[in-house]
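Coordinate analysis (summary)
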Amino acid sequence: MNYYCITPLHRKNNLTARYHMNQKLHKQEVDHLFEAILTLKNKEECYKFFEDVCTVKEILAIAQRYEVALLLTRKMTYLGIAKATGASTATISRVNRSLTYGEDGYELVFGRLAEQGIEQKPAENADPKE
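Below is a short write-up of the structure.

What counts, and where the lines are drawn
Residues numbered from 1 in each chain as written. Predicted model: local features only at pLDDT ≥ 70, side-chain atom pairs only at ≥ 80, totals over all residues. Heavy atoms only, no water. Helix = DSSP H or I, 4+ residues; strand = E, 2+ residues; numbered from the N terminus. Buried < 20%, exposed > 50% of the residue type's maximum accessible area, 1.4 Å probe, protein only. Contact = heavy atoms within 4.5 Å. Areas by Shrake-Rupley, 256 points an atom, 1.4 Å probe, with all protein chains shown as cover. Expected span 1.5 Å × (residues − 1). Core = buried A, V, L, I, M, F, W, Y, C linked by side-chain atoms within 4.5 Å. Lys, Arg positive; Asp, Glu negative; His and termini not counted. Salt bridge = Lys/Arg side-chain N within 4 Å of Asp/Glu carboxyl O. Axes fitted to C-alpha atoms, helices over the stretch in contact; angles between N-to-C directions. Left-handed = near helix turned anticlockwise from the far one by under 90°. Nonpolar A, V, L, I, M, F, W, Y, C, P; charged D, E, K, R; others polar.

**Let's talk about the overall build of the protein**
Check the secondary structure of the protein and you find seven helices and zero strands. When the helices and strands of the protein are listed from N to C terminus, the series reads α-α-α-α-α-α-α. Expressed as a percentage of the 130 residues in the protein, the buried residues total 20%. Taking as baseline every contact in the protein between residues at least 6 positions apart, the subset at least 24 positions apart corresponds to 62%. Surface accessibility of the protein: about 9800 Å² in total, with carbon and sulfur atoms responsible for 57%.

Below, the structure is given as structure tokens:
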């Protein structure tokens, strides 16, 4: 069963909704956090910083969303992604909405990884046929 439908309520041309979302996010505290993240030099530093800043559950939730995005870009079905990652269909749908109507952050990162020759393989239990 494939679920690739997105409701038309989240169109990218809905600038008013995007403007309000950005206004809620763009704060000095968030700028400080992002500036701090940009100083990290390697994975080990990321582990140290994020373990101090986030709970394990929060880090794993973000990692799960990232993995879902990776699998969605490889055209894996919702059912296959749910099996591979343990993500709910609601989470998969939310990530799909970000990929389709978001700020293109996932594409930016995926593109830069590709430019650097870094291939991120899906989790071992991810079957692309599902």
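**Details of unusual backbone geometry**
One non-glycine residue with positive phi stands out, namely Lys-75, at about 65°. Examined against the element boundaries, Lys-75 turns out to sit in the loop between helix H4 (56–73) and helix H5 (78–85). Among the residues examined, Lys-75 registers a relative accessible area of 62% and is labelled exposed. Residues other than glycine seldom take positive phi values, yet Asp-104 does so here, at roughly 65°. For Asp-104, a relative accessible area of 36% corresponds to the partly exposed category.

**Description of H4**
For an α-helix, 3.6 residues make a turn, and residues three or four places apart therefore share a direction. The end-to-end C-alpha separation of H4 is 26 Å, in line with the 26 Å expected for 18 residues at 1.5 Å each. For H4, every residue scored as buried is listed here: Glu-67, Val-68, Ala-69, Leu-70, Leu-71 and Leu-72. Buried residues belonging to H4 abut H5, helix H6 (89–101) and helix H7 (105–115).

**Describing the side chain of Thr-91**
Inspection of the secondary structure assignment puts Thr-91 in helix H6. Every residue in contact with Thr-91, bar those within four places of it in the chain, is listed here: Gln-64 and Arg-65.

**Overview of the nonpolar core**
Ranked by internal contacts, the top residues of the largest apolar core, which has 14 residues, are Val-68, Leu-72, Ile-81, Ile-92 and Val-95. Looking at this core, the element that brings in the most residues is H4, giving five residues. Ignoring anything within four residues of it in the chain, the contact list for Val-95 reads Arg-65, Val-68, Ala-69, Leu-72 and Tyr-106.

**With respect to the side chain of Glu-67**
As for its position among the elements, Glu-67 is in helix H4. There is no salt bridge for the buried Glu-67, and the closest opposite charge comes from Arg-74, which lies 6.9 Å off by N-O distance. Those residues in contact with Glu-67, other than ones at most four positions away along the chain, are Thr-85, Lys-121, Pro-122 and Ala-123.

**A look at the packing of H4 against H5**
At a closest axis distance of 10 Å, the pairing of H4 and H5 adopts a crossing angle of 145°. Viewed along their axes, H4 and H5 form a crossing whose handedness is right-handed. Residues Gln-64, Glu-67, Val-68, Leu-71 and Leu-72 of H4 lie in contact with H5, whose contacting residues are Tyr-78, Ile-81, Ala-84 and Thr-85. Tallied by class, the residues present in the contact of H4 with H5 amount to six nonpolar, two polar and one charged.

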